[in-house]
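Coordinate analysis (summary)
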Amino acid sequence: MINFAADFADLLVPMTLSRNAAGTVNAEGQYVAGSATSVAITAVPPQQVKMGDLVDDESGQITRSHVRTYTDYAVAVGDIISYKAIDYRVDMVSDRDDLGSYYRAIMVKVQNDH
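First things first, this report covers the structure right here in the doc.

Topic: the nonpolar core
- Counting 14 residues, the largest nonpolar core has Met15, Val75, Ile81 and Met107 as the members making the most contacts within it.
- Within the residue set of this core, elements represented by two or more residues are strand S1 (13-20), strand S4 (36-43), strand S7 (80-83), strand S8 (86-95) and strand S9 (103-109).
- Contacts of Ile81, omitting those with residues within four sequence positions, involve Met15, Thr16, Leu17, Ile41, Val75, Ile86, Asp87, Tyr88, Val90 and Met107.
- One finds Phe4, Val44, Tyr70 and Tyr102 within the second-largest nonpolar core, a separate group that totals five residues.

In structure tokens form, the structure reads like this:
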């Protein structure tokens, strides 16, 4: 079994994860988006994915530039992970509980309008 934090300590770098809380519907029947919460995490710097990493992707959008990272923080699809002022949106997550309680996240760079 892998001790992720100890075995990969030399590779882990600080990143910021942002997650939106669930939205609600107000008294007027309008959707109100949930607020974002940020937390500091450590993870392996983003790496280019292999085609095998994208086998589970059912969207058919393999033309995008995906990267992957590994962390012991419970990431979720839709989270935004920031590293070196670049934002990445998590598209796929697979937990590695059987290997040592860590997560592989497949991400795509967020295209900002500026």
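More follows now that the structure is in view.
With respect to the pairing of S7
- Only one face of S7 is covered, namely the face carrying Ile81 and Tyr83; the face carrying Ile80 and Ser82 is uncovered.
- Where S1 and S7 come together, three bridges link them in antiparallel fashion. Bridge pairing in S7 links Thr16 to Ser82.
- The pairing of S7 with S8 spans four bridges and is antiparallel. If you follow Ser82 over to S8, its bridge partner there is Asp87.
- Joining the antiparallel neighbours S7 and S8 is a turn of two residues, in which Lys84 adopts a positive phi near 50°.

As for unusual backbone geometry
- Of note in the backbone geometry, Lys84 takes a positive phi value of approximately 50° without being a glycine.
- Inspection of the secondary structure puts Lys84 in the loop between S7 and S8.
- One non-glycine residue with positive phi stands out, namely Ala85, at about 65°.
- Note that Ala85 resides in the loop between S7 and S8.
- Judged by its relative accessible area of 82%, Ala85 is exposed.

Rules used in this analysis
- Residues numbered from 1 in each chain as written.
- Predicted model: local features only at pLDDT ≥ 70, side-chain atom pairs only at ≥ 80, totals over all residues.
- Heavy atoms only, no water.
- Core = buried A, V, L, I, M, F, W, Y, C linked by side-chain atoms within 4.5 Å.
- Buried < 20%, exposed > 50% of the residue type's maximum accessible area, 1.4 Å probe, protein only.
- Helix = DSSP H or I, 4+ residues; strand = E, 2+ residues; numbered from the N terminus.
- Contact = heavy atoms within 4.5 Å.
- Pairing = 2+ DSSP bridges.

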